[in-house]
Amino acid sequence: MSHTAPPTTAPRAVPRQVAPRFVPAPTPPHDLDVGLPAAVDLLRGRRVAVLTGAGISTDSGIPDYRGPDSPPRRPMTYQQFVSDPAFRRTYWARNHVGWRHVHRTRPNAGHDAVVRMEARGAVVGVITQNVDRLHTLAGSRSVIDLHGTYAAIVCLDCGDRTTRDALARRLEALNPGFAEAVGSVADVEIAPDADAVVESTEGFRVADCERCGGMLKPDIVYFGESVPRERVERAYALVDSADALLVAGSSLAVMSGLRFVRHVARSGRPVVIVNRGATRADVEATLRVHAGTSQALPALAERLTD
Ligand SMILES: [Zn+2]
């Protein structure tokens, strides 16, 4: 009896073979000349939910670090923040300088156009991935700050919430003259989450929770964190109260926003994307318009509310 079995070795784990999903290549996006009338055709007479990202705030002076022309920037993770005191010190030192810049920014023509569309009943509400509060400042009534806001601070231990304003006064008292010294050296580079690039953060003193001494964090959803469930459900409820979804100024790089696009597309309702550059939902979109939001949204508002 011949023995042809292979030599006995421990079975090796073989990665499960997964058939690649067929993904058709998206057609190129339209420019505004062609895209605007097409968008009006799709959205007119429908109740529209709006999903916005960093691209809508660039004309307010807040950089889009995922935009096509942006330098690569490694975002902070939640794990880094909670596990490394030196990292946290650097974070707060930069934020102490950067948040004032974000605090001074004003809404632009894109934010204002969303307000007009809401006031005339064309838009049912906004879900934003931005933490800059510019939609609220512009006057939008129904706004879901999906990733939180730079203007609120939360204690990770007791859950106490305070304003960034109140924290600024405490940080200033702990670090007199720090922000002014940095600000006068050079124009600081500001990130969308109010982080500024600061050369030296040594000696910066971090503030702890006034109630319990616990760890304070901006009420922003960082990489490695998930959006609170209740907020996700409110966002789904908003898109489900709409007949169409308009994405403005987002490359939809993170799932927290992308899932709403997929949800609406799967239901057969139109999805219109206005963005400079490619997005992760290009194949799912009904229409893509390659344009800046400060041009496209006022033009759209004019035609949807006349
Ligand atoms: Zn606390």
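For the structure given in this document, a descriptive report is provided here. (Residues numbered from 1 in each chain as written. Predicted model: local features only at pLDDT ≥ 70, side-chain atom pairs only at ≥ 80, totals over all residues.)

Observations regarding the overall build of the protein
Across its full length, the protein holds ten helices and nine strands. The buried share among the 306 residues of the protein stands at 37%. Expressed as a percentage of contacts within the protein between residues at least 6 apart in sequence, the contacts between residues at least 24 apart total 74%. (Helix = DSSP H or I, 4+ residues; strand = E, 2+ residues; numbered from the N terminus. Buried ≥ 20, exposed ≤ 12 C-beta atoms within 10 Å, placed from the backbone. Contact = placed C-beta atoms within 7 Å.)

Observations regarding the nonpolar core
Counting residues in hydrophobic clusters, the biggest one holds 52 residues, and the most contacted among them are Val50, Ile127, Leu245, Leu246 and Val247. Built from parts of two domains, this core gets at least three residues from each of domain 1 (27–62 + 107–147 + 227–306) and domain 2 (72–104 + 149–220). Once residues within four sequence positions are removed from consideration, leucine 246 is found in contact with Leu43, Val48, Val50 and Val272. Ranked by size, the runner-up nonpolar core spans five residues in total, among them Met76, Phe81, Tyr91 and Ala93. (Core = buried A, V, L, I, M, F, W, Y, C linked by C-beta atoms within 7 Å. Domains from an automatic or database assignment.)

Looking at the pairing of strand 1 (residues 48–52)
A regular strand places its side chains on the two faces of the sheet in alternate fashion. A large share of strand 1 lies buried, amounting to five of its five residues. Residues Val48, Val50 and Thr52 of strand 1 are buried on one face, and the alternating residues Ala49 and Leu51, pointing to the opposite face, are buried as well. Where strand 1 and strand 2 (residues 123–128) come together, five bridges link them in parallel fashion. In the sheet register, valine 48 faces strand 2, and the bridge partner there is valine 123. The pairing of strand 1 with strand 7 (residues 244–248) spans five bridges and is classified as parallel. Across the sheet, the residue bridging to leucine 51 is valine 247, located in strand 7. (Pairing = 2+ DSSP bridges.)

Topic: the environment of alanine 242
Tracing the sequence through the fold places alanine 242 in the loop between helix 8 (229–240) and strand 7. C-alpha of alanine 242 to C-alpha of arginine 47: the two residues are 195 residues apart in sequence and 5.0 Å apart in space. Contacts of alanine 242, omitting those with residues within four sequence positions, involve Arg47, Val48, Ala49 and Val124.

Description of the sheet that holds strand 5 (residues 161–163)
For sheets, the rule is that strands pair by backbone hydrogen bonds, running either parallel or antiparallel. Ordered in space as 5-4-6, the three strands form an open sheet in which the pairing is antiparallel. Pairing within the sheet leaves two strands with one partner each, and these edge strands are strand 5 and strand 6 (216–220). Between one strand axis and the next, the sheet turns through 40 degrees on average, direction left out of account. Two elements, strand 4 (residues 148–155) and strand 5, share three bridges in a ladder whose sense is antiparallel. Opposite isoleucine 153, over in strand 5, you have threonine 162 as the bridge partner. (Axes fitted to C-alpha atoms, helices over the stretch in contact; angles between N-to-C directions.)

With respect to unusual backbone geometry
For arginine 133, which is not a glycine, the phi torsion comes out positive at approximately 65 degrees. Here arginine 133 is to be found in the loop between strand 2 and helix 5 (134–138).

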